[in-house]
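# Breakdown of the fold
Spelled out, the chains give:
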Amino acid sequence: MYLTYFNGGWSEGNTPLFGAMDHSVWLGSSVFDGARSIRGHMPDLRLHLQRVITSSERLGLVCPLSVDEMEQLVREGVAKFPPDAELYVRPLVFGTDGLLVPVPEKSAFALTLFDAPMPPFTGFSACLTALRRPDPSMAPTDAKASALYANTSKAIREAQQRGFDNAVVCDNAGNVAEFASANLFLVTPEGKVVTPVANGTFLSGITRARVIALLAKEGIVVEERSVRPEELETAVEIFNTGNYGKVTPCIRYEARTLPVGPVATLAFQRYMAFADTE
């Protein structure tokens, strides 16, 4: 089920939003965010809604709604689904006017909620791609901009052609940035938990920050530092964090089979316990 709020009302199905001359259609001026409603619980919802406002500003757009107004709409929309629904919550801001530069005050807003069951905690496979993430001198990497996802799609498409589910993408210096669609964590042979330091080439995710904080409460310090690709070849655990699956283990990296390890399991359990309080 798809449910979208646009132009003052709710509609079901794949609601039409754009015209052929809208700036977002032919010049890519759109941003979005992704939050979750899990059986009525909405972890870090306001942080996701604030980020869509920030992303809009960084792309020269203006989000027409405040965080409070968006939150009210999200809760109104969630109430239209069954109480046990697991939903993806996607606010979208897009440019409708302008030639090369979007006209900020002509920015439009749509909120879509759709069924997206939480994936099972069984894991995924990944490989290293030669594709790189752009740095801030190349693209609006400080925004959750739709235009950046051509890079994500290409990396995942190449990984799937090789028989994997996802790809590890490096930055322009050759250090690991993240998975194509989520932030990356690893556990070293010495037992240290590490995640690539945020350096402007990828969004340091809201779920990433929440997991780091939850692990800290368990006495596990996550090192944020540069990570070389070869470190993944000896890691005893690799997992990701992101809005869609929250915490998901990588169970095959290149030719190596990996376990669903204790750190990823703890991170997932603590995150879901946190989500139940929101």
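Residues numbered from 1 in each chain as written. Predicted model: local features only at pLDDT ≥ 70, side-chain atom pairs only at ≥ 80, totals over all residues. Heavy atoms only, no water.

Going by what an unreviewed UniProt entry lists, the chain is known as branched-chain-amino-acid transaminase and is assigned to Duganella vulcania. Turning to the chain, the UniProt annotation filed under Function (unreviewed entry) states: "Acts on leucine, isoleucine and valine." Database annotation for the chain, UniProt heading Cofactor (unreviewed entry): "pyridoxal 5'-phosphate". (UniProt positions renumbered as here; feature names shortened; annotations may be inferred.)

### Considering the packing of helix α5 (residues 206–217) against helix α6 (residues 262–275)
The geometry of α5 relative to α6 is characterised by a closest axis approach of 9 Å and an angle of 105 degrees between their N-to-C directions. On the basis of their axis angle, the class for α5 and α6 is roughly perpendicular. For the pair α5 and α6, contact is made by Thr207, Arg210, Val211, Leu214 and Leu215 and by Val263, Leu266, Ala267, Arg270, Tyr271 and Phe274, respectively. Taken together, the residues of the contact of α5 with α6 sort by class into eight nonpolar, one polar and two charged. (Axes fitted to C-alpha atoms, helices over the stretch in contact; angles between N-to-C directions. Helix = DSSP H or I, 4+ residues; strand = E, 2+ residues; numbered from the N terminus. Parallel < 35°, antiparallel > 145°, perpendicular 65-115°, else oblique. Contact = heavy atoms within 4.5 Å. Nonpolar A, V, L, I, M, F, W, Y, C, P; charged D, E, K, R; others polar.)

### Details of the pairing of strand β6 (residues 107–115)
For β6, the tally of buried residues reaches seven of nine residues, placing the bulk of the element in the interior. Where strand β1 (residues 2–6) lies against β6, five bridges are found, and the strand directions are antiparallel. Along β6, the bridge assignment pairs Tyr5 with Leu111. (Buried < 20%, exposed > 50% of the residue type's maximum accessible area, 1.4 Å probe, protein only. Pairing = 2+ DSSP bridges.)

### A look at helix α3 (residues 67–78)
For α3, which comprises twelve residues, the first-to-last C-alpha distance of 16 Å matches the rise-based estimate of 16 Å (1.5 Å per residue) to within 8%. Within α3, the full set of buried residues consists of Val67, Met70, Glu71, Leu73, Val74, Gly77 and Val78. Down the axis of α3, the smallest arc covering the buried residues is 165 degrees, so these residues share one side. On its buried side, α3 packs onto β1, β2 (9–12), β4 (35–38), α2 (45–58), β5 (86–95) and β6. (Expected span 1.5 Å × (residues − 1). Arc of directions from axis to C-beta.)

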